[in-house]
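Structural overview for review
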Amino acid sequence: MGTSEAVLHVLTGAVPQFLSSDMCSSNSDLVFYSKCHIKSVKKKGSRRLPSLKCSSMSGCQIGSYRCKRLGGGLHGNTAIDRLTLLRCKCQQAESASGVDIGEGNGAWFVDNAKKLNLNGSMNSEDILEFKTVEQLKSENEVSMSNGKVGTGTNTIFTGGVDSVEDEAWKLLRASMVYYCGSPVGTIAANDPTSSNVLNYDQVFIRDFIPSGIAFLLKGEYDIVRNFILHTLQLQSWEKTMDCHSPGQGLMPASFKVRTVPLDGDDSATEEVLDPDFGEAAIGRVAPVDSGLWWIILLRAYGKCSDDLSVQERVDVQTGIKMILRLCLADGFDMFPTLLVTDGSCMIDRRMGIHGHPLEIQALFYSALLCAREMLIPGDGSADLIRALNNRLVALSFHIREYYWIDMRKLNEIYRYKTEEYSYDAVNKFNIYPDQISPWLVEWMPNKGGYLIGNLQPAHMDFRFFSLGNLWAVVSGLATIDQSHAILDLIETKWADLVAEMPFKICYPALEGQEWQIITGCDPKNTPWSYHNAGSWPTLLWQLTVACMKMNRPEIAAKAVSVAEKRISKDKWPEYYDTKKARFIGKQSRLFQTWSIAGFLVAKLLLADPNAAKILTTEEDSELVNAFSCMISANPRRKRGPKRWKQTYIVYNYWICIS
């Protein structure tokens, strides 16, 4: 079958509109399409399904899919099984140019096939030339072992480089991973000095975000588009009762491209995408932030490339809705914040951030705003958008009102009365004043403030978590005054949060018995190391975005200059240790991709501050008005129970006495 015919066969299926206006499954006109993606993994409660393959014969760069059929568990109806064999021939890629690719899962294939025109050249100067891509790919393949992108760094960078920025770009491009002959992401680290690979040779959703932003700002859109569409096909679609299966709508933490023999033919191979939803992760924790980052990157792609066709595709719209359904699902939690387990975000080890960590709330708020901007209004979106708007207002009020801490609020907490039972209680979460740590009393500056790390009944986590605070500024979750106060705090506490390498992931570190209890004596999370107050260069790009939004570029420029002095000489470490970030992390990977990409994004944004708008979100008038209605000039006003108007029916009875 020719390429054009194959794509047309794929496009004949339509994505089901399972998100109907009543938020329930619709029984009318359900047509299911084949979802082509990952390796076939047989789990409890699952069936092994037929495959949609693309053979990879000798010399062919187009890989293959495994196809996972949608089951009736999602819709409650019998699925129409549409499985079509798709065979790709690289030499005939240009024949797909006439195919209409407005919708469907086959669109990404056509787009990338057109880019890989072996007889011609790229149309845009901003995109990597095919020869350069192939050269980098072949250099990396030389050092591959069992699917790992290996030590290509040594062969590529033996010559001199003009600047730290030039070196970073070469390293970033050397980390690119290919699938079906096209780049689909970047590996986590390409450290030639480490023999213990673990999962650093995989493409992580959260790790790729700075890489993707760097490519977008450079005008190289293809890798980001491919990443968005391929990870969409890895999204969990089947709802199962197996506790070891991913929840419906969950995005994987990472994926790897594997080359496996074709069934029944040892002479031919195929490429498959092998996702990890947390089954292989340390602690077996599912990633909550992957789907949120995916939505944020999708919006950034559309704003930067002016290509809105991707976000308007039926399968992409469905993917957005599934993520929102997963996050907006009702549960036992009474707060508008998102309830998660420990280790479900960037801090992926036990650090006592379970419950409602600030980082997840800031990303959640940002993803809700981005999704609302991209969702196409329709019968399947009306109730979802209504629920989304309600959550935005409640979430912004909750975080701004109860997570904010500055000198005035600290004095208020210091004088809290406890055991207050009423609707108009001031100390609503029963916080005990003795919980205020001595370090906070000395550390809190007179000017500035921040959002605390977590809030739970009888507990406030007063640690400063960088990603949550920075992204609260970027997303507009923090007010304008609060955003400036956060940057004021960073300036005032520069020696603690930046020191000799930006940026401290949290402050302060857990030490002594507290470290033993909360981390479980984690030897990697010792005080002032790794997630326990280590310094992570990748946070530099998020600091820069926040500074650009608030028109304070001098803070970001100062931090970049600090990083530039050491990071290249230190071989781009994953993180730094000690309170002042003087040592490379004891278990830190070198040539860490998101350290490289974070530096590049910061440099690109300093050169073009307006480019930060692809990531920032502003409050609209409706949100501002709704928020102002919830809180008056006195935010501690008494609020009583809701009183509903009651309707009384009066009956008149006449009694007749004979």
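Report on the accompanying structure. It should be emphasised that the depicted structure is a prediction, and the values quoted were computed from it without experimental measurement. (Residues numbered from 1 in each chain as written. Predicted model: local features only at pLDDT ≥ 70, side-chain atom pairs only at ≥ 80, totals over all residues. Heavy atoms only, no water.)

**Structural notes on the overall build of the protein chain**
Scanning the protein chain from terminus to terminus reveals 23 helices and 13 strands. Among the 658 residues that make up the protein chain, the fraction classed as buried is 58%. Considering only residue pairs separated by 6 or more positions, the protein chain has 72% of its internal contacts joining residues 24 or more positions apart. (Helix = DSSP H or I, 4+ residues; strand = E, 2+ residues; numbered from the N terminus. Buried < 20%, exposed > 50% of the residue type's maximum accessible area, 1.4 Å probe, protein only. Contact = heavy atoms within 4.5 Å.)

**Describing the sheet that holds strand E11 (residues 506-507)**
One open sheet accounts for four strands, arranged E8-E9-E10-E11; its pairing is antiparallel. The outermost strands of the open sheet, each flanked by one partner alone, are strand E8 (404-406) and E11. Where E8 and strand E9 (residues 449-456) come together, three bridges link them in antiparallel fashion. Pairing of Asp-406 across the sheet is with Gly-449, part of E9. Of the strands in this sheet, E8, E9 and strand E10 (459-465) are in contact with helix H13 (residues 382-402), which crosses E9 at around 110°. (Pairing = 2+ DSSP bridges. Axes fitted to C-alpha atoms, helices over the stretch in contact; angles between N-to-C directions.)

**Re unusual backbone geometry**
The bulk of non-glycine residues show a negative phi, and the bulk of peptide bonds are trans. Following Pro-502, the chain continues to Phe-503 via a peptide bond in cis, the omega torsion being 15°. Within the element layout of this structure, Phe-503 appears in the loop between helix H18 (494-497) and E11. For the peptide bond that leads from Tyr-507 to Pro-508, omega is -5°, which places it in the cis range. As for its position among the elements, Pro-508 is in the loop between E11 and helix H19 (512-519). One non-glycine residue, Glu-419, lies in positive phi territory at about 55°. On the secondary structure map, Glu-419 appears in the loop between helix H14 (407-414) and helix H15 (438-443). Look at Glu-419 and you get exposed, because its relative accessible area is 54%. Phi is positive for Ala-533, close to 70°, though the residue is something other than glycine. Here Ala-533 shows up in the loop between H19 and helix H20 (539-549).

**A few points about the nonpolar core**
Trp-294, Ile-320 and Tyr-450 are the most contacted members of the largest nonpolar core, which has 159 residues in total. Per-element accounting of this core gives the leading share, twelve residues, to helix H12 (residues 358-374). Ignoring any residue separated from it by four or fewer positions in sequence, one finds Trp-294 in contact with Ile-228, Thr-231, Leu-232, Met-251, Val-316, Ile-320 and Ile-323. (Core = buried A, V, L, I, M, F, W, Y, C linked by side-chain atoms within 4.5 Å.)

**Details of the packing of helix H7 (residues 205-217) against helix H9 (residues 289-305)**
Two elements in contact, H7 and H9, have axes separated by 10 Å at closest approach and are oriented at 5°. With respect to H9, the element H7 is oriented roughly parallel. When H7 is examined against H9, the residues Ile-205, Arg-206, Phe-208, Ile-209, Gly-212, Ile-213, Leu-216 and Leu-217 are found in contact with a partner set consisting of Asp-289, Ser-290, Trp-293, Leu-297, Ala-300, Tyr-301 and Cys-304. Of the residues in the contact of H7 with H9, the class split is eleven nonpolar, two polar and two charged. (Parallel < 35°, antiparallel > 145°, perpendicular 65-115°, else oblique. Nonpolar A, V, L, I, M, F, W, Y, C, P; charged D, E, K, R; others polar.)

**Digging into the side chain of Asp-274**
You can see Asp-274 is positioned in strand E7 (residues 265-276). Here the side chain of Asp-274 touches Arg-258 through a polar contact of 2.6 Å, side chain to side chain. (Polar contact = N/O pair within 3.5 Å; in protein donor to acceptor, adjacent residues only side chain to side chain.)

**Some points on helix H21 (residues 553-564)**
An α-helical segment advances 3.6 residues per turn. Residues three or four places apart therefore align on the same side. For H21, spanning twelve residues, the distance from its first C-alpha to its last is 16 Å, which sits close to the expected 16 Å at 1.5 Å a residue. Those residues of H21 not exposed but buried are Ile-555, Ala-556, Ala-559, Val-560, Val-562 and Ala-563. The buried residues of H21 occupy an angular sector of 160° when projected down its axis, which confines them to one face. As for H21, its buried residues are in contact with helix H17 (480-492), H18, H20 and helix H22 (593-607). (Expected span 1.5 Å × (residues − 1). Arc of directions from axis to C-beta.)

**Observations concerning the side chain of Asp-289**
The residue Asp-289 is located in helix H9 in this model. For Asp-289, the side chain forms a polar contact with the side chain of Arg-206, separated by 2.8 Å. What Asp-289 contacts, discounting residues up to four positions off in sequence, is Arg-206, Ser-344, Cys-345, Met-346, Glu-359, Ile-360 and Leu-363.

**Description of the packing of helix H6 (residues 164-174) against H22**
Two numbers describe how H6 lies on H22: the axes approach to 9 Å, and their chain directions differ by 130°. Viewed along their axes, H6 and H22 adopt a mutual orientation that is oblique. Between H6 and H22 lies a crossing whose hand is left-handed. Contacts between H6 and H22 involve Val-164, Glu-165, Ala-168, Trp-169, Leu-171 and Leu-172 from the former and Thr-593, Ile-596, Ala-597, Phe-599, Leu-600, Lys-603 and Leu-604 from the latter. Of the residues in the contact of H6 with H22, the class split is ten nonpolar, one polar and two charged. (Left-handed = near helix turned anticlockwise from the far one by under 90°.)

**Things to note about the packing of aromatic side chains**
Overall, the coordinates contain 20 aromatic pairs when judged by the stated rule. Their ring planes at 70° and their centres at 5.1 Å tell us that Trp-293 and Trp-471 sit as a pair that is edge-to-face. Linking Trp-293 in helix H9 with Trp-471 in helix H16 (residues 466-475), this pair joins segments that are 178 residues apart in sequence. Neither Trp-293 nor Trp-471 differs from the other in exposure class; each is buried. Taken together, the aromatic side chains of Trp-439, Trp-443, Tyr-450, Phe-464, Tyr-507 and Trp-528 make up a single cluster linked through ring pairs. In this arrangement the basic side chain of Lys-558 is found over the ring face of Trp-494, its NZ or CZ atom lying 4.4 Å from the centre. (Phe/Tyr/Trp six-rings, centres within 6.5 Å; stacked < 30°, edge-to-face > 60°. Lys NZ or Arg CZ within 6 Å of the ring centre and 35° of its normal.)

**Some thoughts on the sheet that holds E7**
Taken in spatial order, the three strands line up as E5-E6-E7 in an open sheet, and their pairing is antiparallel. The sheet terminates laterally at strand E5 (203-204) and E7, the two strands that pair on one side only. Examined bridge by bridge, E5 and strand E6 (residues 254-262) share two bridges and lie antiparallel to one another. Residue pairing across strands places Val-203 opposite Phe-255, the latter belonging to E6.

The analysis is restricted to geometry; functional conclusions fall outside its scope.
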